[in-house]
Amino acid sequence: MSEARAIKIAMTALGGQGGGVLASWIVRLGENNGYVAQSTSVPGVAQRTGATVYYVELFPQGPVQEKGKAPVLALMPAPGDVDIVVSAELMEAGRAMMRGFVTSKTTLITSTHRDYAIDEKIKMGDGRQAADSILEAAQKAASRFIAADMAQAAEEAGAVISSVMFGALAGSGALAIDRASFEDVIRASGRAVESNLRGFARGFDIAHSNKLETVAKAADKNIASAPSPHVAPLLDRLHNNFPASVYYWAREGLKRVVDYQDVQYGDAYLDRLAHMLAADTDAGGARKDYKLTQALAKHLALWMSYEDSIRVADLKTRGSRFERFRDDVRADDGQIVDVYEYMHPRVEEVCDVLPNGLARMVLGSNMLKKIMGAVLGEGRRIPTTKVRGFLPLYFLSSLRSMRRTTYRFKVEEKRIEDWLSVCLAASKKNYTFALEIIKLQRLIKGYGDTHERGIGNFNQIIAVLGVVESQMDPVMTLKSLSEAALKDEEGAALRAAIDQLNQAIIVAA
Amino acid sequence: MAERSFAKEVQHLRMGEGDVFHGEGILAVTKALLQSGVSYVGGYQGAPISHLMDVLADAQEILGELNVHFEASASEASAAAMLAASVNYPLRGAVTWKSTVGTNVASDALANVASSGVKGGALVIVGEDYGEGSSIMQERTHAFAMKSQMWLLDPRPNLTSIVDAVETGFQLSEASNTPVMLELRIRACHVYGSFEVKDNKAAEFTLSDAMENPKRDYSRVVLPPSNFAHEVEKIEKRWPAAIEFIKNNKLNEFLGGHKGKAGIIVQGGHYNTLIRALELLGLADAFGETEIPIYCLNVTYPLIDDEVKGFCLDKEAVLMIEEGQPEYIEQAVNTILRNADIQARIIGKSILPRAGEYTGQVLQAGIRQFLEAYAPKPLHGTPQASAMVLSDADQKLIAEIVPPRPAGFCTGCPERPVFSAMKLVQKDVGKFHVSCDIGCHLFSILPPFDIGNTTMGYGLGWSGASAFNAPSKQRTVSIMGDGGFWHNGLTSGVGNAVFNKNDNVLVIVDNGYAAATGGQDILSSRADNKTKSTNNPIAKAVRGMGVDWVREVNTYNVGEMKKVMTDAMTTAITGPKVIIAQSECMLNRQRREKPIRTKAIKDGKRVVRARYGVDPDTCTGDHSCIRISGCPSLTIKDNPDPLRDHPVAWVNNDCVGCGVCGENAHAAILCPSFFRAELVYNPSAWDRFKAGLRGAIIGVMQARIDKRRQKYSFGATP
C-alpha cells in the first residue's frame, strides 16, 4: 500500500468573502508545484452571506507517476483529517473547531476580525459572543495558530482579504512551496495584481511575526492636555469631596454633562452624586469601593444628558463630527463630501424644546397637534454640509442656553429625582439591590417610540419593586426583569416575567 | 446576464483529442455532451446545476458551430417535454435541473417520455441537492427513476468517471430505448479536477433533418392501446436490454480486494468518501487499494441481479452504503438474495443513519462498527485520523459561542425593504398570514424579519394561500419572485386567483433576474439579451390575466411601499390585488455598474457615489434599525462612549448606498443617526467653488463651536 497522502486544506468563510478565489489560487499553486489538485465547495444558498467551507486536496505528482493511477480524493473534509484550516473570520475558525477540523496536526490561520452574525446584531443590548474564548481554544487546539486582523490588513493594503490569507499561508510555511511561487499565482490571475501583492506581503509578514496587531485610536484634536480653567473648579470639587474610586466615572460624567449644558449643570450633577455618596457611606460603601456612587456617576450622567433635538443638532454640527464622517466613508483628502441627515421630528420632539407652558398647551390640544404635525410633514433629509442645512441645526443647537426652560427638561428632572429617591431609599435596606436599581437606567435609550418603550419598561419595573423586594433573591429577580425588558420590542418577555411575579405573590397569599 | 460569466472557460470546450481539461465538474459535463454529439440541450437553473445552464448560455457560439440548440426552458416541465424530440428521431438530447424539486415539476413530461420510449439517446442530468448546502426538502431522485422506469447513473465523483457516464448514458439510452438520469451531488457538480478530452462531435442527423422529414409512429403516443403496450415493452424489452448493456460494458465496478467474508456495496457517488474513511481507518491507501471487496454501483437503477448475487455469494455480511431514505437499493438487494436463497446479511440502515448526509465521519463510524462485528480480523490497520486536543467541555463551550450563520439578503438587496415595509404595515393593520415562494425572498423567514408561514414550491406562493379565499377581517399576503412568476406563478397563482375571485394580496418581487439561481435572465429582465426576448413587463401579463388592482412600486421607497401595502390590505375594492415591487438585484447591478463607475472615475469624469453612515454619538445602541433591515453592511461596533455599554450601529465599507437604512429610519421614525454621504469624484470648478464657499461659512460657525468646547475641555484622560 502506498504511503503517499494528500495535503488537506479547509477554508471556512462567509458567503461573499471570496473563499472561492482563495481556493482557486491554492489549486493553481499546487498544480504549478507538482501536485494533483482537487477543490470542492457547496455554493448554493450559502453564497448569500451564510457560513460555508471550501476544500482543497493537494496530492504529490511523484507517487501518481509511479503508480500510473489517479489518487482517490475526498470531496469534503473529515474530522481529524485536515492539515491546514484557513478562516476568514474569527467565529468561522470557531466553527472549524466545532466541526473537528482542527487537531494536533493542524495549522490554523485565522483573521481575528468579527463579522457579527444577525443573531448578535439584533439584540436590544449587547448580543456579541465572547471572541476571547475562541482565541484561547484555538491556541490549545491547533498545532500552530496564526491569528491577526487580516480584514484590517487587507483594507490598509487596498486588497481583498483572500490575498492576506494567501500571504499568511505562504508565511506559515505549512506548504513546502516558496514565496515566489505564491506571488506568481497572484500575478497570473491578472486581476488587481498590485494591490493583492501588497495584501499578500502583509499576510506573509503577519504569519512570520505572528503577533496580534493593535491600532491606536485617533485623538480628538479639541482636547487640550490640561483642563480649562472653567471646568477646573468642578474637578477640584470632585477630588476634594469624593473617594478616588469614583474619579474615573465621575470625571467622564462631568465631561458629558458640561459638554451637554454648562458648568452649572456640572455642579448640579455633583450635588446629586454627593447625596448618593452620603447614603453610600452610611451603607458601608467604604468597604465596597463606593460601588453605588460609581454606578450612579455613570448612569446619572447618561440620564442628565438625555437626547433632545438640541443635543442632536449640537452633535451633528461639530467640526470633529465632520472629520469623523469623512473617515467613516473613506473620503480622500480634499474630496468633496455632501452629507444628508435622515431626520423625522414629530410633534413630541418639537414640544421637547418648547417652553414648558407652550408645550403643554400644544400637547393638550388635538387640533394644535394636528396642525403642527401637518407642518412638520414627513421625514426630511437635512444637508448639513450645505449652509441651508447647517444653519437651522446651528440655531437649534444654540437653544442650549434656554434648555432649562423647556418642557422636556422639566419632565426629565422629575424622572431623575424620582429615580434618585428610590435609589437612596433602597440603599438603606439592600446595597446590591440599590445598585441594580441604578443600573435600570440602561433600559432608557433611543428616540421616539424606542425611548417611550424604554421609559415604559423602566416604569413597569419600578412599579413592582415592592414585589421584587419580597422575593427570596431580589437582586437576581431584578436582574432578570431588566434582561427581560431587553429581550423583545413588543415587551412580551417583560410582561410575562412581571405576570409570573404577581402570580407567585397571589399563590403565596 | 448570469452572476458568473464563463466566457473564458467555455473556450476549453473547443479542446480536442489529446488535451487535458481542467475545470469544474459541471463544465466537464458540458464538454461530455459535445463529445457525445447532442442535438439539443435544455433545462432550468438551480443549485447545483446552475453553472451548467450558465456555461451553455455563454457557449452559444460553440453550440452553434456544432448545430446544438440550447434552450433556457421556462420550467423543468418544459425542459423534460423537450425530450419528446428523441421519441421519433435519432436525436440525442440532454436536459438538466435541480432535483428533486425540478424532477417534481418535470414529472408529467418525464413519465410520458419514459412511457413512449426514445429512439435517440435522452439524458436527464439532475443535480441532487441533498445534505450540506442544500436548500430544499431532503428526498431522493431514485424514486422517480423507479416509478417511471428510467435508468439512474451515479458515477464515481471524479471528472473522468462523470464524463464517461455522460457518454455511456447516451449509449445505454439508445440500447434500451429508455431515458437515462445522471445523478450528480452538490460537491461533484463543483469539484475541480481534470480529464483527457476527445474531439467534439456534430450529430449526423440534425434537428432540421427531422423538421423537414417528419416521421410519425402511432405506437409511441401515450394513449390506449399503446400505453398498455408500453408497460409490457418496459418489462419485456427495455429492461433486459439495459441489463445486457450495463453488464457487457461493465458500468458497475468491482474494486478493492477479493478476500474476506465481508464486503461493501456503495453508490458510485459515495466511493471517494468510502475510500477516505477506509484510509483513515488504516484499511486503504490513497489510491483506493484495499483488501476489502467493494462493489461500486455506477448504475443504481436497475440493479444487475447476477452481479449482486456473484458479489454476495461468498460473503457473510455486506455493508450497503446508500444515502437517503427509503433504502430502495437495500430492499432490492435483499429481495434478490432472498429469491436466490443466498444467506449473506445485508447491513445498511441498521448501522448507518436512516436520514442525513453520509459524510466522511458518518461512514467512518459505520464502517468501523460493521467491520468490528463482521470481519474482526482485517481491522489491523493503523487509524490515520489525528486526535482532537480540545476537551469535551471546550468543544461544548465553542458550540455555545459560535453563532448560527444562515444565508440572508445581500448588502443593498432590493427585497429587504419589501419586508421592512411589511413589518411596519403589520404594526398598523395587525398581523397577517404570509404565504412564501421559492427565491431569495424566502430569506424573509429568517431573522430579523421572521415573516412567512409556508412555501409550497416555485411559483406556488399565491396558490399556497388559496384556501384562505374566505370572508375575513384580515387579508392574506402572498409572495412570489419574478423567477417563480414566469416559472408557473402566472397561471397557478395569478390565473387561479382571478378565476376563483380571490380577494387577497400578492407581492411580486421584480428584480430583473432569476436571482437566487445565479442571476439568469427571464422574460421580464430589463437587459438586452442577444438570444432571448426580454423586457416583457410583469404588469402587462398580470393585467392580461384579468387583475384590475395592480400597483408598481420602487422597493427602495419604504414609505411608498408601506402605503401601497396598507392600501392593498384595507381597500374596500374586492378581487385579487397585485403589488409589483421593482428594483434591480443589487448583486447584478453592482456587477454591471461598478466597472463602469471605476472607469469613469479613472477617466476623470465627474461621478457622485453615495453611501450611508451612522453617527456613533447620537446612536444609543438599541439596534431597532438592524431589526427592521438586517443588511450585512449595517452592523455593530464597540461604543466609543465610555459611559455606554451597548455597541453602536455602524455601516461598514461594503455599503453600496441603496439607502434602505435611511428610508427605514424615516418610515419607522427611528432615530436621527443615519446620514447619506455623497462623495464627489473629479469635481467640476463649480463644485469646488460651492464647496469652498460653504466650507468657509460653516467653518466660521464651527470655529465658534470649537471655542466653546475648548472652554469646557477637561483635558486628556489622566
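Residues numbered from 1 in each chain as written. Chains lettered and ligands numbered in written order. Predicted model: local features only at pLDDT ≥ 70, side-chain atom pairs only at ≥ 80, totals over all residues.

**Quick word on the overall build of chain B**
Item 1. Check the secondary structure of chain B and you find 24 helices and 24 strands.
Item 2. Its C-alpha atoms put chain B at 95 × 70 × 60 Å along the principal axes.
Item 3. Counting across all 718 residues of chain B, residues that qualify as buried make up 54%.
Item 4. Partitioning the contacts of chain B with sequence separation of at least 6, the portion at a separation of at least 24 is 79%. (Helix = DSSP H or I, 4+ residues; strand = E, 2+ residues; numbered from the N terminus. Buried ≥ 20, exposed ≤ 12 C-beta atoms within 10 Å, placed from the backbone. Contact = placed C-beta atoms within 7 Å.)

**Points about unusual backbone geometry**
All names here are of chain B.
Item 1. With an omega of 0°, the peptide bond running from Pro224 to Pro225 counts as cis.
Item 2. Within the secondary structure, Pro225 sits in the loop between helix H10 (207-212) and helix H11 (226-248).
Item 3. Residue Lys250 is not a glycine yet carries a positive backbone phi of 50°.
Item 4. With respect to the helices, strands and loops of the structure, Lys250 is situated in the loop between H11 and strand E9 (253-256).
Item 5. Given 11 C-beta atoms within 10 Å, Lys250 falls into the exposed group.
Item 6. Within the chain, Lys501 stands out as a residue other than glycine whose phi angle is a positive 50°.
Item 7. Mapping Lys501 onto the fold places it in the loop between helix H18 (482-499) and strand E18 (505-510).

**Let's talk about the sheet that holds strand E5 (residues 122-128) of chain B**
Residue and element names in this part refer to chain B.
Item 1. In space, the 7 strands of this open sheet follow the order E3-E2-E4-E5-E7-E6-E12, with mixed pairing throughout. Of all strands in the sheet, those bounded by a partner on one side alone are strand E3 (69-72) and strand E12 (299-301). Averaged over all pairs of adjacent strands, the angle between their axes in this sheet comes to 20°, without regard to strand direction.
Item 2. Bridge count between strand E2 (residues 40-43) and strand E4 (residues 93-99): 4 bridges; the pairing is parallel. (Pairing = 2+ DSSP bridges. Axes fitted to C-alpha atoms, helices over the stretch in contact; angles between N-to-C directions.)

**Regarding the domain arrangement of chain B**
Item 1. The domain boundaries assigned to chain B delineate domain 1 (19-248), domain 2 (253-374), domain 3 (416-584) and domain 4 (603-704).
Item 2. A C-alpha centroid distance of 61 Å is found between domain 2 of chain B and domain 4 of chain B. (Domains from an automatic or database assignment.)

**Focus on the domain arrangement of chain A**
Item 1. Its domain assignment divides chain A into domain 1 (7-209), domain 2 (226-307 + 408-441), domain 3 (309-407) and domain 4 (444-509).
Item 2. One C-alpha centre belongs to domain 1 of chain A, the other to domain 2 of chain A; they are set 50 Å apart.

**Let's talk about the pairing of E2 of chain B**
All names here are of chain B.
Item 1. Of the two faces of E2, both are covered, the one formed by Tyr40 and Gly42 as well as the one formed by Val41 and Gly43.
Item 2. Sheet topology note: the E2/E3 ladder contains 4 bridges and is parallel. Residue Tyr40 lies in a different strand from E3, and its bridge partner there is His69.

**Observations regarding the packing of helix H6 (residues 150-157) of chain A against helix H9 (residues 193-209) of chain A**
Geometry of a packed helix pair, given as the angle between the helix axes and the separation of the axes.
Residue and element names in this part refer to chain A.
Item 1. The contact between H6 and H9 brings their axes to 8 Å, and the two run at 140°. As H6 runs across H9, the sense of the crossing is right-handed. When H6 is examined against H9, the residues Met150, Ala153, Ala154 and Ala157 are found in contact with a partner set consisting of Ser195, Arg198, Gly199, Arg202, Gly203 and Ile206.
Item 2. By residue class, the composition of the contact of H6 with H9 is 5 nonpolar, 3 polar and 2 charged. (Left-handed = near helix turned anticlockwise from the far one by under 90°. Nonpolar A, V, L, I, M, F, W, Y, C, P; charged D, E, K, R; others polar.)

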